[in-house]
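Structural description and commentary
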Amino acid sequence: MGNSYAGQLKTTRFEEVLHNSIEASLRSNNLVPRPIFSQLYLEAEQQLSSLEAGSRADNEEEEEEEEEEGSESSSPPVSYQMKPPPEGCCTTDGFCQAGKDLRLVSISNEHIEVPAGFLLVGAKSPNLPDHLLVCAVDKRFLPDDNGRNALLGFSGNCVGCGKKGFCYFTEFSNHINLKLTTQPKKQKHLKYYLVRNAQGALTKGSVICWKGAEFRGRQSSSSTCSSTLFQLPESSGLSGSTSSEPLPAANPSAPAGTQQTAAAIDHIPSTAAFSSAVYNGKESPKQQLVKNNLSALTRPSVLGTLTNSGPPKKRHKGWSPESPSSTETWNLQLNPQAPNRIKNDGGSLSSLPHSALVGPASSPMVGSGEPVSVPDNLLKICKAKPVIFKGHGNFPYLCGNINDVIVSPLLYTCYRNSQSLSRAYEQYGASTIQPISEEMQLLLTVYYLVQLASDQVPLIEDLEQIFMRSWRESHLSEIRQYQQAIPQTFPQVPSQIAPVTSAQLPWLAGLAASSCNDSVHIIECSYSLAEGLSEMFKLLIEGKLIKTNYVVIICASRNRAIDSCIVITGKYQARVLSESMLTPSDYQKEVNYQLVTGKVETLGSFFSTLCPEGDIDLLLEKFYQENQGHISSSLSASVNKPTALNGTGTAACTSYEIERHQIRPFQLAVAQKLLSHICSIADSSTQNLDLGSFEKIDFLICVPPSEVTYQQTLFHLWHSGILLELGLEKEHLTKQRVEQYVMKLDAEAQIKFKVFLQNSMQNPHTLFVLIHDHAHWDLMSSAMHSLYPQTELSTGLVDRLLNCREVKEAPNIVTLHVTSFPYALQTQHTHISPYNEIHWPSSYSNGVDLYHENKKYFGLSEFIESTLSGHSIPLLRYDSSFEAMVMALGKRFPRLHSAVIRTFVLIQHYSAAMMAVCGLSQMKNYTSVETLEITQNLINSSRQCPSGHGLMVVLRIPCTPLAAVAYERLYNVRERLALEDNFEIILGNPNSGITIGKHFVEQLKAWQKIEDVDWRPQTYLELEGLPCILIFSGMDPQGESLPRSLRYCDLRLINSSSLVRTTLEQELGLAAYFVSSEIHTEKAVVNDVLESDPEKLSSTDNEDEEVATEGSTSEKRSPMKRERSRSHGSASSSLSSKASITAFCSESSPPLIAAGDTAKSSHQVLSNSAEETTNNYERQKQKVDKGAQTTISKHLPPVTEQLDTKQNIKSAQISITSSSSSPFSSSSSSSAPTHNSFILQTSQCSMTKASKQPPIVFLPKLVYDIITSTDSSGLPKSSSLLPYHSVMWASSFRPLMSKMMTCTEQSLYYRQWTVPKPIHMDYNNRNEGRMDTFHPRRLLLSGPPQIGKTGAYLQFLSILSRMLIRLTEVDVYDEEEININIKEESDQYYHQPGDMWPDLETFKKMPFDYTIHDPKYEDASLICSKLQTINSEERSMSRRQEDMYTRRQTTRMRLSKYAAYNTYHHCEQCHQYMGFNPRYQLYESTLHAFAFSYSMLGEEIQLHFIIPKSKEHHFVFSQPGRQLESMRLPLVTDKSEDYIKSPTFTPTTGRHEHGLFNLYHAMDGASHLHVLVVKEYEMAIYKKYWPNHIMLVLPSIFNSAGVGAAHFLIKELSYHNLELERNRQEELGIKPQDIWPFIVISDDSCVMWNSVEFDCSGDRKSDYTWTERNVSLKQILQHIEATPNVTHYALIGMRKWSSKTNSAEIKEPFSCCHVHDFIMLNVDLTQNVQYNQNRFTCDDVDFNLRVHSAGLLICRFNHFSVMKKQIAVGGQRSFHIKSKVSDTPVSISPAQYICAPDSKHTFLAAPAQLLLEKYLQYHSHRFFPLSLKNYSHPVLSVDCYLNLGPQIAVCYVSSRPHSLNISSSGLTFSGLLLYLCDSFVVASFLKKFHFLKGATLCVICQDRSSLRQTVVRLELEDEWQFRLRDEFQTANAKEDRPLFFLTGRHI
């Protein structure tokens, strides 16, 4: 936009721009090549060197500029037709289309919002010559002072109406009404910058310099080759805004060389090729550069001479990326001598397997047009089969020798996928955005191939990401219209880029390829691809493509679409790509075929020619004959001779200990996470798991068909004790019994699984957990077996078993998939909900150690981290000499599979290394340094330990036939070298157990103290300490764990051509390891021995170098507990010292230990780490032939902390020398001193040392590069690979994974972007409803390999079992009744123990027991009656002070089948009861108002009922309006077994989840009416949790009221309803007295009910036995309702349950006493007795006393008891007393609850009544000092009972006429309490009572005037003396209506 181009440019300039463009693109992070033509106008300021500047004349530049200008002005004007403005918009000049003024004169003083990066400029309108229009324009589209650097295109905003995002100047000029007749150009119309003057007004500034004179800065450099710094945008991928100042100014404080280095460094992205720089305006490119500069300069790298840091501006002959002018000369590898240069992507790329990458509908390779003949002998001539990737268009037929080429549709699929638009943009309706063009795709592919190094292989994912980013960047502005806030991942680019035409394509591709030393060759054809392919074959045969790795054939013509293909001709690349197309089974078949047919013999014969002295076998035989006798004796002496003695004189190593089963904090945390997920499934409303219905746990663990994994799981299971804990097995556990719980997924699995399913069906109350361990192993669809009968029987077994209908539908089976690599289970069709995934937690969060572990886990990320600079030793390595030999042999033997070649080379290396260690030093030249190191340390390891412990080396050979070959060969070499007793070679085959020699079995039995004669190791873990090479075969590891003695993990033979993320990570998972993370010192046998040599010479022994682990010093503590050494915590005791101090050499060639008087502080940790050679695996290391000298120190007292080093003992030497014929010069044991002063302690046991360091891993170079390189997101490149071979990417248009992604986010990423292939078991799991595809009882546990997942899930089973038991248990209050001793003992029993019901006449004779016996009122005031004579000592003794505030006593009870439940209980039976019946929708309930008047409140009360549809039959509604009329009541005479007559009311607050409102089981399914009484503000939450319960909603005025208000309203409502029902039923002819008058008022914590059954035999009073059992509430209520004359009782209750109930308490079956918690209330009889609606506490005691004083009967059934559950939330606890002023929670003591009236006391936000009750409970002694502990002189309380605390007794009297009161004739009271007394209390009534002198009075009233009136009315001043200061109020504000009280003294 904005520039037209018509004219011819000079060739030199054109070429220069073209070269710069392509080279900069290749080196930049940006994906889109900068448009060639636009750069001619946007040339950035470049500081040319003096040489270059001199070669160009200034006048040439001026001419070019004139041409440019001419091209603009001299071309004829194009007639331009403006788009008509939209209807109704403003078209006035100077105003925008929205009608806003834009003229500078009008808006110069207005505040204008200018976005960051924008400038205000003035535009000239042809119709307003005198005015400037104000515009906001992105400054990147404006030129700098030199008229350069303006981006093509436009980006601006309208400052008038604020409209943003104009991407075209045409569109913008229309909007601001420029009304142009020529094509709008920003150069013509944007004329001036606008600036603010001193007054802040906007004024015209300088002219925008669109065509200023070009300025070329000249900079002479002192270096021999001038330094030309790249312009920053080209180098970092920022197309556009660049600094106009010279680059060195970016870091003025740094030396110039440093800055140039920084520029160079900046051109070598540490991330993947084409990574995009993040530039969001926060950091300028310069700041980024400085940052990169600083970080890069801290690396210990050697930089070459600072030569030209970029490609020259003119094309120098022979310039190539490898030439000194290339930025890539700067070698930032840790190894300065490494021959391979840094690649742009920081690592080699692997291709993906063909099967994994072919798209869902890959194009069949159908050719078209003329056929192309493949030449004969192509493979023979080229030494490789070329791989042809079909690209765009038509592909010709191939004929002839087609076996020598491979054709793949992989690239075609990639291109086609990239043509489809991403779904992410389709949802925005982004139909206008064009896909990336075919020409651009091909050009980008060429760019990509050009930058690949010779040892790199193209990776399809890289290409897809390149296309993705290119498309995103080229359409960023359009995408932004649809996405408001796109993440700033990509830099700003011009909105339109000149498209590449098909005519330009071959030329541009050729230009791009011209700089790559012919590694990419472009062939252009005119008519069809056939001619290009023919030419390519011709060139191949002629040998002209020897240097070429890739041939790109393009057939482009103007009139049709392009045809293209890419041929991989590089021998290495072609081999890797062709092998990657083999499936794992094909790979096995191919290798097997080559072995069987003897094709490998050529390889063997080739090896035999390598050795100058003839065949290796002959050498071995000769060696064996010569040294047979000597070696065996010296070896056996070295292995078996004791060097440290224990008491019996036998060899002993103190380091050996098999780790026992223990749960680590991490495992416990994961187990708890699993449990919480199970609970959340159970708690969800979907009813998929009813935990409450299960009584126990059973389980089955499924493992892959590996014998070792199977035995390992059995071992874990046995030692965990879980079977005994779950009660599945008895004490005497046998192995056969344990095997029932582990299933190997092999042919016999189905039988065991059928038993499991049968058990699950037969035991519906057992929860079965099906654990699928190593769950990524076999995910094949079971349909595969029917489609391909030739597949193995076990294929698809997991699908057949775990996904069968029985498992899916069984409500008592939970499936838990456990894996380290969950990616294949996280696709779009997965069965597992993302909410059911549990990921192993990270150990650190924000730097805080979350779980304190004494071990540090080393997994993939830690291994990768060790390769970074700053670590002393990389744990991941590759063997360059091995790789070089493999590559050379690959070219020599093109027909052999590389796995065969690699295996044979590695066996050869191991064989030669063994021979070299045994003295055949000439063989050192036929092995690699790495293999020599491994072998040396292996063979020497057992010699360093008195018990012969050694190291394990794992040699991974996936292909089983090759593993067998390797085993046989190494076994033979070992035998010939007489090393058969030194180390074992084990062939680990997944299908068979472990076989090891008898000698080694005996060793293991001795170490592990096993006496079983027939014992054999069955797991690799049991090989702890055994020196061995474990040849680990099998295509995939299947979960086998390796012991801690593992030191080397040799993965050089893994299949590196066919890599997916899971495959790669599981191979590396073999080496995952726990390392002790704390310093721990070992106990020496006699003395602590320190080596005195801090500087050991370099050797091949990397083993001795410490690995720096986070959070620990160089010494690691062994995981096992041992005693500390006597050196008082010295970190350098003998066993933890790194010295090689024995007679035998260390695990390397012997170090030279300098003996000297070195006194070191014991706090110093000495380590003989070898000289830092981070590239030690790149070159041969020095060999040391000198004798090893050791220093033995005498242990001195810790005060001196010195070591006596006078005595030096010369050790025998073992060295690898060419001259020594015998490998061992002498035996060390003979040279060690034996006198008693000290015994030589051997050097540290190799196994112990190994267990303190992670193993060293050797990888193929290809894999090493993938693992250690990172992509642009900072993640290892391996993480962007396809996750699993049976899934595929859903789209090429997918974002990169981010380094910051959590496991959960990674899971969501894979769930969005991967789909299963048809062979995957989840393929058919589709449902448009989406949510239905998730199985509700399926969980996924993922965690790194070897981290302890087995222990975690076994622990989960344990805590799940405990929770189930806990779910069936409940804490109930278990307290003895109180005040039993006060109860009058009477020999008179009114009823017999076995009586079922009370006799009315007998009951009327029973006295009322005023004393409270309920233990919850232990701290309440005692109620006195004349019957009781209270002993004060007794009373105080019964309540010990320390018990006052202790927690109430509870006991745990198993829930019976008649329990009441909270909301967490779900079972089949109560679905309908709870409202989860499909017939009733949750919201189907109606709100009904119900009003009645009550004189005491003085107003009409309006209550609301919420009645679910299913409960409407309990109510009567008026017919026309459906108004609620009444609640139906039954008749007294009704008899029904399935019906409870009494409606149950449960007042509740704060317990919507925990209240026990589910009475279905308690009522045994009987029909009943249950009403929850809730406060208005809690209505919604209760309705949500209990949708099928009737709610009675209290009026809002009771929101802050206590339980008294609820009881009051329940009773009044019930009486009112009784009247209504009587009236209603009277019309039906029913007598009023026949209507059932009882209601039940139940607490929300009543959980179970019990009944006592008597067995009376013999004498009535003494001979009976009784038992208490749990019964249903239905049985109890029906029993009580059937009581004879039941309507004569006012209140009926029952005992509170206690385990300590004795016979005496229940001997009398009925009591006349207080009833609590669960009562039946006769609302008819108690019509005139009310609950006190103001009360918060003791309202039931108060009510009981009122009922009794009214002469009504209260009966307690002692045979029945109620259990109350302890609920920690809600109820009375929901009342918090806090200050009204501040919100900060401050504890307020009860003493502050009252204050003097009119004082400035802090007011409290709490009801006045609550403050009063709490104050009296704790501080009533201030009002009644004489009453304290004076139980014989109680406080007289009139008409109410208030709790005055446990140390004051009260006497209750009623003022009502005809009321029953105690005889007070003999009592003198110590106080008088008048609480809100009504008109029944008169002066004469009070004068009946006698008071002590000095007794106190407390009068409580609603206000101060009532207080005075009461004093006057009751004539209190006659007998009581009052003072003004004795008046108080509750600490409430006036609006909260405080209570007032007056105190006085008796005269």
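Our subject is the structure listed above.
What comes next is a walk through the structure. Given the structure is predicted, the values throughout are model-derived calculations rather than measurements. (Residues numbered from 1 in each chain as written. Predicted model: local features only at pLDDT ≥ 70, side-chain atom pairs only at ≥ 80, totals over all residues. Heavy atoms only, no water.)

1. Some points on the side chain of Asn1758
Locating Asn1758 in the fold gives a position in strand β53 (residues 1753-1764). The exposure class assigned to Asn1758 is buried, which follows from its relative accessible area of 0%. A distance of 2.7 Å separates the side chain of Asn1758 from the backbone oxygen of Glu1708, its partner in a polar contact. In this structure Asn1758 touches Arg1695, Glu1705, Ile1706, Glu1708, Pro1709, Phe1710 and Ser1711, once residues within four positions along its chain are discounted. (Helix = DSSP H or I, 4+ residues; strand = E, 2+ residues; numbered from the N terminus. Buried < 20%, exposed > 50% of the residue type's maximum accessible area, 1.4 Å probe, protein only. Polar contact = N/O pair within 3.5 Å; in protein donor to acceptor, adjacent residues only side chain to side chain. Contact = heavy atoms within 4.5 Å.)

2. Remarks on the pairing of strand β46 (residues 1590-1593)
Burial along β46 is two-sided: Ile1590 and Leu1592 facing one way and Met1591 and Val1593 facing the other are all buried. In this structure, strand β41 (residues 1499-1508) lies alongside β46, joined through three bridges in antiparallel fashion. Bridging across to β46, Ile1506 finds its partner in Met1591. Examined bridge by bridge, strand β45 (residues 1570-1574) and β46 share four bridges and lie parallel to one another. (Pairing = 2+ DSSP bridges.)

3. Observations concerning the pattern of salt bridges
Taken as a whole, this structure holds 61 salt bridges when the rule is applied. Across the salt bridge formed by Glu729 and Arg737, the nearest N and O atoms sit 2.8 Å from each other. We classify Glu729 as buried; its relative accessible area is 11%. Residue Arg1622 pairs with Glu1619 through a salt bridge whose shortest N-O separation is 3.8 Å. One end of the pair, Arg1622, and the other, Glu1619, are both in helix α48 (residues 1603-1626), three residues apart, so they sit about a helical turn from each other. On the accessibility criterion, Arg1622 (11% relative accessible area) is buried. Here the salt bridges share partners, and the residues they tie into one network are Asp1414, Lys1416, Asp1643, Lys1696, Asp1717 and Lys1764. (Salt bridge = Lys/Arg side-chain N within 4 Å of Asp/Glu carboxyl O.)

4. What about the packing of helix α15 (residues 438-450) against helix α16 (residues 460-474)?
Close contact between α15 and α16 brings their axes to 10 Å; oriented N to C, the two are set at 130°. As the angle between them shows, α15 and α16 are arranged oblique. At the point where α15 passes α16, the crossing takes the right-handed sense. Of the residues in α16, those in contact with Met440, Gln441, Leu444, Thr445 and Tyr448 of α15 are Asp462, Leu463, Ile466, Phe467 and Ser470. Residues that form the contact of α15 with α16 fall into these classes: six nonpolar, three polar and one charged. (Axes fitted to C-alpha atoms, helices over the stretch in contact; angles between N-to-C directions. Parallel < 35°, antiparallel > 145°, perpendicular 65-115°, else oblique. Left-handed = near helix turned anticlockwise from the far one by under 90°. Nonpolar A, V, L, I, M, F, W, Y, C, P; charged D, E, K, R; others polar.)

5. Looking at the side chain of His392
For His392, the location among the structural elements is in the loop between β9 (387-390) and β10 (398-400). Polar contacts involving the side chain of His392 include one to the side chain of Gln441, which spans 2.7 Å. When near neighbours in sequence (up to four residues on either side) are disregarded, His392 contacts Tyr415, Glu438, Gln441, Leu442, Ile562, Asp563 and Ser564.

6. Some points on the sheet that holds strand β17 (residues 766-773)
Across the sheet, six strands lie side by side as β16-β15-β17-β18-β36-β19; this open sheet has parallel pairing. Both edges of this open sheet fall to β16 (742-744) and β19 (837-839), since each of them pairs with a single strand only. Geometrically, the sheet is characterised by an average inter-axis angle of 20° between neighbouring strands, direction not taken into account. Alignment of strand β15 (residues 696-703) against β16, held across three bridges, turns out to be parallel. Directly across from Cys702, in β16, lies its bridge partner Met743. The strands touched by helix α43 (residues 1349-1367) are β15, β17, β18 (813-819) and β36 (1338-1342); relative to β17, the strand with the most contacts, the crossing angle is about 170°.

7. Observations concerning the pairing of strand β59 (residues 1868-1875)
Taking burial as the measure, the eight residues of β59 include seven buried ones, the bulk of the element. Summarising the sheet, strand β57 (residues 1835-1838) and β59 pair through four bridges and their orientation is parallel. Across the sheet, residue Ser1837 finds its bridge partner in β59, namely Leu1873. Where β59 lies against strand β60 (residues 1890-1901), seven bridges are found, and the strand directions are parallel.

8. Remarks on the packing of aromatic side chains
For any pair of aromatic rings, the description consists of the separation of the ring centres together with the inter-plane angle of the planes. If you walk through the whole model with that rule in mind, you get 41 aromatic pairs. The interplanar angle of 75° and the centroid separation of 5.9 Å between the aromatic rings of Phe606 and Phe893 together place this pair among those described as edge-to-face. Note that Phe606 is positioned in helix α22 (residues 601-610) and Phe893 in the loop between α33 (880-892) and α34 (898-917), a separation of 287 residues in sequence. Judged by its relative accessible area of 17%, Phe606 is buried. Since its relative accessible area comes to 14%, Phe893 is described here as buried. Pairing Phe1869 with Phe1889 gives two aromatic rings, centres 6.0 Å apart and planes at 75°, and the pair type is edge-to-face. Taken together, the positions of Phe1869 in strand β59 and Phe1889 in the loop between α53 (1883-1886) and β60 put the pair 20 residues apart, joining distant regions of the chain. Each member of the pair, Phe1869 together with Phe1889, is buried. (Phe/Tyr/Trp six-rings, centres within 6.5 Å; stacked < 30°, edge-to-face > 60°.)

9. Looking at a positive patch on the surface
On the surface, a cluster of positive charge is made up of Lys380, Lys383, Lys385, Lys599, Arg892 and Arg895. Along the chain, Lys385 turns up in the loop between α12 (378-382) and β9. (Patch = residues over 30% accessible without salt bridge, like charges linked within 9 Å, V, L, I, M, F, W, Y side chains within 5 Å. Areas by Shrake-Rupley, 256 points an atom, 1.4 Å probe, with all protein chains shown as cover. Lys, Arg positive; Asp, Glu negative; His and termini not counted. Charge placed at Lys NZ, Arg CZ, Asp CG, Glu CD.)

10. With respect to α33
Taking 1.5 Å as the rise per residue, α33 with 13 residues should run 18 Å; its terminal C-alpha atoms sit 18 Å apart, in good agreement. Of the positions making up α33, those classed as buried are Phe882, Glu883, Val886, Leu889 and Gly890. Here the buried residues of α33 occupy an arc of 130° about the axis, which is enough to place them on one side. In this structure, the buried residues of α33 make contact with α20 (571-580), α22, α34, β33 (1256-1259) and α41 (1261-1268). (Expected span 1.5 Å × (residues − 1). Arc of directions from axis to C-beta.)

11. Brief notes about the sheet that holds strand β13 (residues 550-557)
The five strands are arranged β11-β9-β14-β13-β12 in an open sheet whose pairing can be described as mixed. Only two strands of the sheet have a single partner each, and these edge strands are β11 (406-408) and β12 (520-525). Averaged over all pairs of adjacent strands, the angle between their axes in this sheet comes to 20°, without regard to strand direction. As judged from the three bridges shared by β9 and β11, these two strands associate in the parallel manner. Residue Phe389 lies in a different strand from β11, and its bridge partner there is Ser408. Helix-sheet contacts for helix α13 (residues 410-419) involve β9, β11 and β14 (560-568), and the interaxial angle to β9 is about 25°.

12. Quick word on the nonpolar core
Counting residues in hydrophobic clusters, the biggest one holds 167 residues, and the most contacted among them are Phe1505, Trp1649, Leu1874 and Leu1916. For this core, the element with the highest residue contribution is α48, accounting for eight residues. By size, the runner-up hydrophobic cluster in this structure holds 149 residues, among which are Ala512, Cys516, Leu970 and Leu979. (Core = buried A, V, L, I, M, F, W, Y, C linked by side-chain atoms within 4.5 Å.)

13. So, helix α52 (residues 1808-1819)
Owing to its 3.6 residues per turn, the α-helix brings residues three or four apart onto one side. Under the 1.5 Å per step criterion, the end-to-end length of α52 is 16 Å for twelve residues, consistent within 8% with the ideal 16 Å. Burial runs high along α52: ten of the twelve residues are buried. Within α52, the full set of buried residues consists of Ala1808, Gln1809, Leu1810, Leu1811, Leu1812, Glu1813, Tyr1815, Leu1816, Gln1817 and His1819. If you follow the buried residues of α52, they end up packed against β55 (1794-1795), β56 (1804-1805), β59, β60, β61 (1920-1930) and β62 (1940-1946).

14. Section: the environment of Lys124
Examined against the element boundaries, Lys124 turns out to sit in strand β2 (residues 118-125). Judged by relative accessible area, which is 26%, Lys124 ranks as partly exposed. Each C-alpha atom of the pair Lys124 and His189 lies 5.3 Å from the other, and the pair is 65 residues apart in sequence. Those residues in contact with Lys124, other than ones at most four positions away along the chain, are Pro129, His131, Leu132, Leu178, His189 and Lys191. Polar contacts involving the side chain of Lys124 include one to the main-chain carbonyl oxygen of Pro129, which spans 2.8 Å.

15. As for unusual backbone geometry
At Lys1829, a position not held by glycine, the phi torsion is positive, near 55°. Relative to the helices and strands, Lys1829 is located in the loop between α52 and β57. Taking relative accessible area as the criterion, Lys1829 reaches 44% and is therefore assigned partly exposed. Here the phi dihedral of Leu1876 falls at roughly 45°; this positive angle occurs in a residue that is not glycine. Note that Leu1876 resides in the loop between β59 and α53. You can call Leu1876 partly exposed: its relative accessible area is 26%.

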